[in-house]
Amino acid sequence: MAEENPAKESCIRIAEELPVTAVDYINQESWDSFFTSKGTDDFCEWYADWPQFRTSLKNLLSFQLAEELNHFSFPLLQPPPEEVSILVPACGASRLSEHLYDEGFTDITNVDFSKVVIEAMMKRNIRVRPEMKWRVMDITNIPFPSGIFDAIVDKGGLDILMDSEHGSRSGPLSYISEVKRLLKAGGRYICLTLAEPLVLDLLFSKFRFGWKINLYTISDEASPGTTTQQTFMLVAEKSYLTVVSRIVPFMDVSFVETQGIQVDELLEALNRENTIREEYSKSTDKWYSLEELKQGVNGNIGVIESGRVIKLFLGETGTSRFFYTCVLLDAPPETGPFSKQFLVLYLQKSQASQKILASEFQQRLVLQSFKAARLLIIVLDSSFYGISSDDIREDTGYFVAELRQVGDDDTDAEFTADDGRIEGIKQNTIVHQVSSVSTGQISVEDVRYNQSQVITFRRLYFERAESLMHSEAPLSTEAFRQKKGKPKKIDSHASSGVKVEHKILTTGFHKGVIAGLLLFSTHSKRTTKAGGLVKTVIIGLGPGILPMFMRNRLPSLKIEVHITDAIKFVRERANSEADGSKVDLLIIDVDSSDSSSGLISPEADFVEESFLLTVKDSLSDKGLFIFKLIPKHYFTSMRAPVYSKLKRVFSNLYHMYVDDGFVEIIFAVKKEAPVELEEACEALERSLRDNYNMRPLINNVLHDSKLIKPFYYPPDNGFIVISD
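Notes on the overall build of the protein
1) Next: Of regular secondary structure, the protein possesses 22 helices and 27 strands.
2) Next: Taken over 724 residues, the protein has a buried fraction of 55%.
3) Next: Residue pairs at least 24 apart in sequence account for 71% of intrachain contacts in the protein once pairs closer than 6 positions are excluded.
4) Next: In the structure as shown, the protein presents an accessible area of about 32,100 Å², 50% of it carried by carbon and sulfur atoms.

Quick look at the packing of helix α19 (residues 609–618) against helix α20 (residues 639–649)
1) Next: Where α19 contacts α20, the axes come no closer than 9 Å and their chain directions differ by 40 degrees. When the axes of α19 and α20 are compared, the crossing they make is right-handed. Between α19 and α20, the residues in contact are Glu609, Leu612, Leu613 and Lys616 and Lys645, Leu646, Arg648 and Val649, respectively.
2) Next: Looking at the contact of α19 with α20 residue by residue, the class counts come to four nonpolar, no polar and four charged.

Here we look at the sheet that holds strand β6 (residues 211–217)
1) Next: As summarised here, the arrangement of the eight strands in space is β3-β2-β1-β4-β5-β7-β6-β8, forming an open sheet in which the pairing is mixed. This sheet does not close on itself; its edge strands, each paired only once, are β3 (133–136) and β8 (248–250). Adjacent strand axes in the sheet meet at a mean angle of 15 degrees, parallel and antiparallel pairs treated alike.
2) Next: Pairing analysis gives two bridges linking strand β1 (residues 86–89) to strand β4 (residues 149–155), with the strands arranged parallel. When the bridges of β4 are listed, Ile86 appears paired with Ala151.

Here's the deal with the pattern of salt bridges
1) Next: Summed over all chains, the structure comprises 24 salt bridges.
2) Next: Here Lys628 and Asp591 are joined by a salt bridge, their closest N and O atoms 3.5 Å apart. Taken together, the residues span a long stretch of sequence, with Lys628 in strand β23 (residues 619–631) and Asp591 in the loop between β21 (583–588) and β22 (599–601) at a distance of 37 residues. With respect to burial, Lys628 and Asp591 carry one shared label: buried.

Remarks on the packing of aromatic side chains
1) Next: Here the structure, examined in full by the defined rule, presents 13 aromatic pairs.
2) Next: Measuring from ring centre to ring centre gives 5.6 Å for Tyr398 and Phe399, while their planes differ by 70 degrees; the resulting arrangement is edge-to-face.
3) Next: Given the relative accessible area of 33%, Tyr398 is considered partly exposed.
4) Next: With relative accessibility at 2%, the residue Phe399 sits in the buried group.
5) Next: With centroids separated by 5.2 Å and ring planes inclined at 50 degrees, the aromatic side chains of Phe520 and Tyr654 adopt a geometry described as tilted. One end of the pair, Phe520, is in helix α16 (residues 508–524); the other, Tyr654, is in strand β24 (residues 652–658), with 134 residues separating them in the sequence.

Section: a negative patch on the surface
1) Next: Taken together, the side chains of Glu196, Asp264, Glu265, Glu268 and Asp605 define an acidic patch exposed on the protein surface.
2) Next: For Glu268, the location among the structural elements is in helix α9 (residues 261–282).

Quick look at the confidence of the model for the protein
1) Next: With 70% of its residues at a pLDDT of 70 or more, the protein has an overall mean of 76.
2) Next: Mean pLDDT values for the elements of the protein range from 40 in strand β27 (residues 721–722) up to 96 in β1.
3) Next: Predicted confidence for residues 164–169 stays below pLDDT 50, and this span has ten contacts to residues more than four positions away or in other chains.
4) Next: Scored below 50 in pLDDT, residues 526–532 makes 18 contacts in the model with residues more than four places away or belonging to other chains.

So, α20
1) Next: Burial runs high along α20: eight of the eleven residues are buried.
2) Next: Within the span of α20, buried status applies to Arg639, Pro641, Val642, Tyr643, Ser644, Lys645, Leu646 and Val649.

A few points about the pairing of strand β19 (residues 535–539)
1) Next: Judged by how many residues are buried, β19 sits mostly within the fold: five of five residues are covered.
2) Next: Covered by surrounding structure in β19 are Lys535, Val537 and Ile539 together with Thr536 and Ile538, the residues of both alternating faces.
3) Next: Both β19 and strand β20 (residues 558–560) contribute to a ladder of three bridges, which runs parallel. Across the sheet, residue Lys535 finds its bridge partner in β20, namely Lys558.

A look at the packing of helix α21 (residues 677–688) against helix α22 (residues 698–705)
Helix-helix packing is characterised by the crossing angle of the two axes and by the distance between the axes.
1) Next: Contact pair α21 / α22: the axes reach a minimum separation of 10 Å and the direction vectors enclose 170 degrees. Put simply, α21 runs roughly antiparallel to α22. Contacts between α21 and α22 involve Cys681, Leu684, Glu685 and Leu688 on the former and, on the latter, Ile698, Val701, Leu702 and Ser705.
2) Next: Counted by class, the contact of α21 with α22 contains six nonpolar, one polar and one charged residues.

Examining the nonpolar core
1) Next: Grouped together as the largest cluster of nonpolar side chains are 42 residues, with contacts concentrated most on Ile514, Leu517, Phe520, Met550, Ile626 and Phe667.
2) Next: No other element matches the eight residues that α16 contributes to this core.
3) Next: When residues no more than four places from it in sequence are discounted, the contact partners of Phe667 are Gly512, Gly516, Phe520, Leu624, Phe625, Ile626, Asn652, Leu653, Tyr654, His655, Met656 and Ile708.
4) Next: The next biggest cluster of nonpolar side chains, apart from the first, holds 38 residues, and it includes Tyr189, Leu200, Phe232 and Met251.

A word on the pairing of β4
1) Next: Most of β4 is tucked away: seven of the seven residues are buried.
2) Next: Pairing geometry for β4 and strand β5 (residues 183–193), over six bridges, is parallel. Within β5, the residue paired with Ala151 across the bridge is Arg188.

Things to note about helix α4 (residues 115–125)
1) Next: Turning to α4, its buried residues are Val117, Ile118, Ala120, Met121, Arg124 and Asn125. Summarising the axial view, the buried residues of α4 lie within an arc of 165 degrees, below the 170-degree limit, and thus occupy one face.

Some remarks on the environment of Phe457
1) Next: When you line up the elements, Phe457 lands in strand β17 (residues 457–462).
2) Next: Taking C-alpha positions, Phe457 is 6.5 Å from Glu472, a pair spaced 15 residues apart along the chain.

Some thoughts on unusual backbone geometry
1) Next: Cis rather than trans, the peptide bond between Gly336 and Pro337 has omega equal to 5 degrees.
2) Next: Position of Pro337 relative to the elements: it lies in the loop between β11 (323–330) and β12 (340–348).
3) Next: Pro602 follows Ser601 through a cis peptide bond whose omega is 0 degrees.
4) Next: As for its placement among the helices and strands, Pro602 is situated in the loop between β22 and α19.

Section: the environment of Val431
1) Next: Considering the arrangement of structural elements, one finds Val431 in strand β15 (residues 425–436).
2) Next: Residue class for Val431 comes out buried when judged on its relative accessible area of 10%.

Remarks on the environment of Ser593
1) Next: Looking at the element boundaries, Ser593 is found in the loop between β21 and β22.
2) Next: By relative accessible area, Ser593 is classed as partly exposed at 36%.
3) Next: Considering only alpha carbons, one finds Ser593 and Glu603, ten residues apart in sequence, at a separation of 6.7 Å.

Some words on the side chain of Ser94
1) Next: With respect to the element layout, Ser94 can be found in the loop between β1 and α3 (96–102).
2) Next: For Ser94, the side chain forms a polar contact with the main-chain nitrogen of Leu96, separated by 3.1 Å.

What counts and how
Residues numbered from 1 in each chain as written. Predicted model: local features only at pLDDT ≥ 70, side-chain atom pairs only at ≥ 80, totals over all residues. Heavy atoms only, no water. Helix = DSSP H or I, 4+ residues; strand = E, 2+ residues; numbered from the N terminus. Buried < 20%, exposed > 50% of the residue type's maximum accessible area, 1.4 Å probe, protein only. Contact = heavy atoms within 4.5 Å. Areas by Shrake-Rupley, 256 points an atom, 1.4 Å probe, with all protein chains shown as cover. Axes fitted to C-alpha atoms, helices over the stretch in contact; angles between N-to-C directions. Left-handed = near helix turned anticlockwise from the far one by under 90°. Nonpolar A, V, L, I, M, F, W, Y, C, P; charged D, E, K, R; others polar. Pairing = 2+ DSSP bridges. Salt bridge = Lys/Arg side-chain N within 4 Å of Asp/Glu carboxyl O. Phe/Tyr/Trp six-rings, centres within 6.5 Å; stacked < 30°, edge-to-face > 60°. Patch = residues over 30% accessible without salt bridge, like charges linked within 9 Å, V, L, I, M, F, W, Y side chains within 5 Å. Lys, Arg positive; Asp, Glu negative; His and termini not counted. Charge placed at Lys NZ, Arg CZ, Asp CG, Glu CD. pLDDT = per-residue confidence, 0-100. Parallel < 35°, antiparallel > 145°, perpendicular 65-115°, else oblique. Core = buried A, V, L, I, M, F, W, Y, C linked by side-chain atoms within 4.5 Å. Arc of directions from axis to C-beta. Polar contact = N/O pair within 3.5 Å; in protein donor to acceptor, adjacent residues only side chain to side chain.

In structure tokens form, the structure reads like this:
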């Protein structure tokens, strides 16, 4: 093979020659213009140069299990280079593919959405590298069949898609879904990246289940003109079984000690992710893959076994694009007769779906409700937003067929997305939807429950929050007068006649917050009446249900509203020495936007020890801190590290469970003296007698206040002890 003139390597271009603004990075016309101006022989290597990673990349693409690669335990036959099928997405004008071809890897498909660069690169290589393929395609929607590539080599493509300010959130998610779909089982996704926090969050979370990950550093002896930032190579191998493996980094100590904030942020993200993976492995729940079930690890899956409940992960075997969290339930024969032999139930945007996965009791109720001999519940989280039901049904067809009872091939599985039936919803109507870069899609809907034929409730959902309903409030019945026995149709764009009732709370979290703040404020004896905590800060207003209720029912509370960064605000209060700057009551009602944290609520940053210390310093002497703790269904053990951090900061801790144990509310009291809860409940009852505003809710508040218990977290055995 004729080698190009080495002098051409000097054609490396620096970042200032790229499209000027960040928004242009995802604009096809801008790239066409850019590549047109550069010409056919003007190469662009933004990151590392070929000599820096040549040996490592060759070994990875040859599937050689050298000592440093032995983390990849997948049994491979080490095919010759010409038989390794490689996809290079967002190839641009890089010489990466040419170098690989010259090393013997001739089955290479290059993809870019710029027709200009594809035509130029094809013209340049058609004679000297005739087997190399070039395609004009959008890397977020690649029309190739599933499972056809042994490796996907990404040199900066994902980094461009992850532009945090202008890039669409759906772009990177769609791209990663395509990567996972296109790889064969045992295939490798090799990503050269600057490893910025947003990129790592996506890679770590989306390659968590059923993938083995190594992380390498690339030599920093770059040619003049390339980026001065450190380049990393993340390698994710697709496994047959859905397992969670620790990420293995290969960085020597001297390298780490000489690097700056870029590597510090990477190590922080890596440690956080490995902690999550380790916590998952400690979970008492046993989760299976389809391959394990077919091997008989939980009995004969082809036969219905009375009362069997199996939690399983489906996907990642080269047969599907996505990863699915599921529960398989076999009904006892005595609960028949059954209307369906096998039913597949899809749940999306449903808080109840999280409860079902966490509670076997809830699972059996669902099984009984749907009258099926075998029920497969598939929970679709926020990553499935925008994916059609037909695509999901097609994607899961193989798994459904494998989980049918032997001999029931003629029995059709029924596909439904009946979340409303799970939650007891009779009618629901989307009132409004809007999207934002920071929170994704926000939905407002009006629902009527089966047990309430008259009252309509308005609910708020954040797509990013893993199907968790943020807030709910009843609407005035006058706005929904019935005509001829049918509810009045709601105009999704009109609000006339609709009034949200702010003097009633419906969610367990909101009710628990009110019971707790009244209980502890009464105990603090700041005033002679309940509600004596004066300065109140709520982080995460949502639609304002909680603060509006407090304003109407507890007028003695002074609620502050600030449009600012929450952590910065709390830090400023903690550092302030001014009179009256401290907070009496701090409530956090923010759901997690980080799918890799293992938490649905709160944001992981809000339970870091450094932030908890700041919270404590921001509180007044008798201050109270309240937040809700909800781990993901398969990360129930994530409670333990949160408890441990809390205990190191606050010695006076209490909690309660609401919503069938799904939501835990934490109450942290700043003062050291313990609260005698029985005496506090009696004092609360006396104080509420004279509270006119709370009179309609007294019984509920007193009931909820008695659910609050102290808890202890002994670090020696890790068990949570709840007092009687």
